[in-house]
Amino acid sequence: MTTTAPATQAPATDAHALTGKRRIAFASYVDENYLPGFLALLRSLALSNPSVCEDFVVLYDDLRPGSIARIRALHPRIVLKRVNDTHYDAYKKGDQDNYLVRKAYFILDVFRLREYDTVITLDTDMVVLDDLGELLRLREGLAAVPQFFYGQHKLNSGLLVIQREYLSDEFCARLDATGRSGDYELDKHDQGILNAVLDGDFVRLDPRYNFVKRRLSGDLPVPEDTAILHFTGRHKPWQGGESGYSLAEEKWREFELSDADFHAEYLSRSGGLHHDLVVHYGTPHVARTGDVEVARKVAAAHIAAGEYQDAVDILESVRIPLDEAWPHEVLGHALMSVSRYAEAEAQLLMATAAPNRAATAYARLAQMAWVHGDDATALKHATAGLSVDITHRSSRLWAQRAASAPPADQGAPGDQLAHVAFYMDRQGNAGDKLLPESVRSAFGPDTGSRRWHSVHAHRLFDEAALERVNARRGLVIGGGGLFIPDTMPNGNSAWQWNVPDELMRRIDVPIAVYAVGFNAFDGQSYRANRFRDSLRLLVEKSAFFGLRNHGSIEKVRAMLPAHLHDKVRFQPCPTTVTRQLVPDWRDPAGRDDTILINAAYDRAGLRFGHDYGYFLNQMARAVRDLGELAEVRCVAHSLDDEKIAFDLRREHGISLPVIPMYDFDNDEIRDLYARTKLVIGMRGHAGMIPFGCGTPIISLISHPKMAYFLRDIDRPEWGVSVHDRHLADRLVERSKDLLRDHAATVADVHGRQQELWKVTEANAADLRIILGS
């Protein structure tokens, strides 16, 4: 039988709509005459802000194909938008054959963009000289630099930072009405229509963000703090310039580079380079020069983004000298990530010869040996890594794993179920630590080795593992977000279970995929067909295929042929029904007067974008106000989760007690979450576990899966995006609502949980038939 959602329609799976993550773009109006200026602008933006790569919208009406190709060569995320002359036919002033007037009209097309939350316009006669982080972090209003020569009432042309409320039909209607009325002043130096509509109502930016050339008359030097230099006036640097501005024009000419020189200049910089720019500039540079160091940088960028085959390809395209340890180590990392293990071993052994790369290379060798089930060799390599660097965390982790033998099976194989899961290390993520036991509890109260045979998902599933699984009466796969490409990459399946297709086909016991989640972040994707092929085979082989939320169901069905869609069903994460599964569960007679806060920092760029500073400021406000309701504590599922406590203390002087849940056993995790009054959590299981224990939750949404779960229980209002403009106010308001009548809130949690339990019970009836239990 196929079960459906208990109380809600399946949610949309648009990651942006679910996480609220801000979409940011730059924009310029470009024509053939100003193309040289725009190309210099693109180079200057990359060189002065090497870690920034947002969409760049090019508004145009007459660019030639060759010009478009030159633009695309300088930026990997160009979005072309042809302007519409008919928007401006009724405007009553100005010579529309004059470029400056046309630009002033056509830049208004920026306000017709609907794909973005923040748009930053830049004129094609500008160059960027310094960090634009302050502009990227702006979140409200329409910001610009006031006109220097004509007072503070009008904004200067060229730079605008436009937020969502201005990128609207309503504001465009105001612009159009003013344009048609002719009730504005237009000259070549201002945004006449826009100034008339705003009437001085805009956010004032420091002049350093639109420093006009005319302020430097008499060959004055460009101030060192200038962020954007604007070559206003008729005479542009690429047209021969103008006397009296030689020092300013020298700045512009720093960005008059050939593509080859520009690539080399960007790639020579160290630290903080954006993945997309490194790949876009580095790939042709390596093809042109065979530069091994740049190939290493490009490969490392590919690895960081989960593009492992691309990393292999770029490094295999160059000749790596034997004594260049770092490229060998990176190539070894890439090769092991696509399961070319023998070749990876050779590369990593060469890398161990260099003291500065040896510890990392030994740790990767230990990892590969562990993946192959060779604990003795893994321990040898990890120990060698520690002998090079006693503080090397990864070597220590693999030494601990290799030295920790899994518990021996206690029962007869024919009475056992095999269980593929991610078995978390000591001091690992608390949620992942609890998950295997929670999955097993859904099949009966005995969760130990008498009834279960453990198969670590990250170890290579080989002939011996296949024989052991086929000796059991069934195979359960779950739980957690196993469908993610980069936690422990492999080329056999491209998801967390390292299983080759040929061995999966030979599993001859019933397979039950139980409460697995599709865990890709907003901005993260599966780039290879290997995952799709492995997924399809898994669905075909499975007798039961249950995913833990409807968002995951929609994502997975989209990757499958239509005839397999009905096999994919809803099975809530068993942590969400903990009260029903734990034997002799008793709700707490009383609760601690606490509110627990959890924040997550893995893949922080995907979670926060440019908004981490904003998030921290809002959390500081919220923590102060929540402290009037109950004692606020930080609960850390992993070591990295403690960062919010450190940052709040350093930046805002707020001290939070930290609860190291990563050190807790499973009973302690459940007990703590059952006894608190409210949990405000960013990790998926910082919401699902307390909910399953009967505790009210508010989710800090930085990943689509949080919204998936809340929609499945028909309580989307229990989530707030980390990007929400009113994050602190919403958190405090919703906390007050949930705590005002705490007993009623807990009863609501129990009611929502009961709906998930009905689905779980219905699925359990099917599983008893499938697994013969």
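Residue numbers run consecutively from 1 along every chain, following the written order of its sequence. Only residues with pLDDT of at least 70 get local features here, since the model is predicted, and only at 80 or more are side-chain atom pairs given and counted; chain-wide, interface and lining totals rely on the full set of residues. Note that water and hydrogens are dropped before the side-chain values are worked out from all heavy atoms of the structure.

*Asks:* Can you break down the overall build of the protein residue by residue, with the values?
*Replies:* In terms of regular secondary structure, the protein is built from 31 helices and 23 strands. Computation of the radius of gyration draws on C-alpha atoms alone. For the globule rule, the value is 2.2 Å times the number of residues to the power 0.38. Taking 2.2 N^0.38 as the reference for a compact globule, 773 residues should give roughly 28 Å; the C-alpha atoms of the protein span a radius of gyration of 29 Å, in line with that estimate. Seen along its three principal axes, the alpha-carbon backbone of the protein occupies a region of about 90 × 70 × 55 Å. A 1.4 Å probe rolled over the protein chains alone gives each residue an accessible area, and that area as a share of the maximum for its type sets the label: buried under 20%, exposed over 50%, partly exposed in between. Classification of the 773 residues of the protein by burial places 59% in the buried group. What sets the accessible areas is the Shrake-Rupley method with a 1.4 Å probe; for residues, cover comes only from the shown protein chains. Counting only carbon and sulfur atoms, one obtains 48% of the accessible surface of the protein, whose full area is about 30100 Å². Placing the 91 positive and 106 negative side-chain charges of the protein at their respective mean positions leaves the two points 2 Å apart. In this description a helix means any DSSP run of H or I spanning at least four residues, a strand means any run of E spanning at least two, and both kinds are numbered starting from the N terminus. The convention is simple: Lys and Arg are positive, Asp and Glu are negative, and His and the chain ends are not counted. Taken as the charge location is NZ of Lys, CZ of Arg, CG of Asp or CD of Glu.

*Asks:* Please set out the sheet that holds strand S8 (residues 203–204) residue by residue, giving values where relevant.
*Replies:* Here, any two strands with at least 2 DSSP bridges between them count as paired. Overall, mixed pairing links the seven strands, which are arranged S3-S2-S1-S4-S7-S6-S8 in an open sheet. Looking at which strands have only one partner, the edges of the open sheet turn out to be strand S3 (78–82) and S8. Pairing geometry for strand S6 (residues 142–144) and strand S7 (residues 160–163), over two bridges, is antiparallel. Residue pairing across strands places alanine 143 opposite valine 161, the latter belonging to S7.

*Asks:* Describe unusual backbone geometry, listing the residues and the values that go with them.
*Replies:* At aspartate 219, a position not held by glycine, the phi torsion is positive, near 60°. Take aspartate 219: it is sitting in the loop between strand S9 (211–212) and strand S10 (228–230).

*Asks:* Residues and numbers for the packing of helix H10 (residues 275–289) against helix H11 (residues 292–304), please.
*Replies:* Fitted lines through C-alpha atoms give the axes, limited to the stretch in contact for helices. The angle between two N-to-C directions lies from 0 to 180 degrees. Look at H10 against H11: their axes get within 9 Å of each other, and the N-to-C directions meet at 145°. The handedness of the crossing between H10 and H11 comes out as left-handed. Residues His275, Val278, Val279, Gly282, Thr283, His285 and Val286 of H10 form the contact with H11, whose participating residues are Val294, Ala295, Lys297, Val298, Ala301 and His302. Charged means Asp, Glu, Lys or Arg here, nonpolar means Ala, Val, Leu, Ile, Met, Phe, Trp, Tyr, Cys or Pro, and polar covers whatever is left, Gly included. In terms of residue class, the contact of H10 with H11 is built from seven nonpolar, five polar and one charged. Crossings are assigned a handedness: left-handed for a near helix turned anticlockwise from the far helix by less than a right angle, right-handed for a clockwise turn. Residues count as neighbours in contact if any of their non-hydrogen atoms are within 4.5 Å of one another.

*Asks:* A description of the environment of aspartate 225 should follow, citing residues and the corresponding values.
*Replies:* Its place among the elements puts aspartate 225 in the loop between S9 and S10. Residue aspartate 225 is classed as partly exposed on the basis of its relative accessible area, which comes to 44%. Separated by 350 residues in sequence, aspartate 225 and threonine 575 have C-alpha atoms that sit 53 Å apart. Dropping the residues within four chain positions of it, aspartate 225 is found in contact with Asp130 and Arg208.

*Asks:* Which residues make up the side chain of arginine 401, and what values do they have?
*Replies:* Tracing the chain through its elements places arginine 401 in helix H17 (residues 393–403). Here arginine 401 is in contact with Trp370, Phe422 and Asp425, once residues within four sequence places are set aside.

*Asks:* Can you break down a negative patch on the surface residue by residue, with the values?
*Replies:* A contiguous patch of negative charge on the surface is contributed by Glu134, Asp206, Glu224 and Asp225. On the secondary structure map, glutamate 134 appears in helix H5 (residues 133–137). Residues enter patches when their relative accessible area tops 30% and they take part in no salt bridge; the joining distance is 9 Å for like charges and 5 Å for the nonpolar side chains Val, Leu, Ile, Met, Phe, Trp and Tyr. Here, a salt bridge means any Lys or Arg side-chain nitrogen found within 4 Å of an Asp or Glu carboxyl oxygen.

*Asks:* Would you mind going over the confidence of the model for the protein in detail, with residue names and values included?
*Replies:* Summary of the metric used: pLDDT quantifies the predictor's per-residue confidence within the range 0 to 100. Confidence along the protein averages 91 in pLDDT terms, with 93% of residues attaining 70 or more. Predicted confidence is poor over residues 1–11, with pLDDT under 50, and the contacts of this stretch with residues over four places away or in other chains come to 31 contacts.

*Asks:* Which residues make up the sheet that holds S10, and what values go with them?
*Replies:* The strands that make up a sheet are held in pairs by hydrogen bonds between backbone atoms, and each pair lies either parallel or antiparallel. Within the open sheet, the three strands sit side by side as S5-S10-S9. Their pairing is mixed. The sheet is open, and its two borders are formed by strand S5 (126–128) and S9, each paired with just one other strand. Direction of pairing for S5 relative to S10: antiparallel, over a ladder of three bridges. Within S10, the position partnered with valine 127 by the bridge is leucine 229.

*Asks:* Pulling in residues and values, what's your account of the packing of helix H15 (residues 355–371) against helix H16 (residues 375–388)?
*Replies:* Running from N to C, H15 and H16 cross one another at 165°; their axes reach a closest spacing of 8 Å. The angle between H15 and H16 falls in the class roughly antiparallel. The chirality of how H15 crosses H16 is left-handed. On H16, the residues touching Pro355, Ala358, Ala359, Tyr362, Leu365, Ala366, Ala369 and Trp370 of H15 are Asp375, Thr377, Ala378, His381, Ala382, Ala384, Gly385 and Val388. Any angle from 65 to 115 degrees is called roughly perpendicular, while one under 35 is roughly parallel, one over 145 is roughly antiparallel, and all others are oblique.

*Asks:* Explain the pattern of salt bridges to me, using residue names and the numbers behind them.
*Replies:* Evaluation of the coordinates by the stated rule reveals 47 salt bridges. Linking aspartate 602 and arginine 607 is a salt bridge whose minimum nitrogen-to-oxygen distance equals 2.8 Å. You can call arginine 607 buried: its relative accessible area is 5%. Between aspartate 667 and arginine 670 there is a salt bridge; the shortest N-O distance is 2.8 Å. On the criterion of helical spacing, the pair formed by aspartate 667 and arginine 670 is a turn pair, its members being three residues apart in helix H27 (residues 666–675). Residue aspartate 667 is classed as exposed on the basis of its relative accessible area of 54%. The network of salt bridges with common partners includes Asp602, Arg603, Arg607, Asp641 and Arg683.

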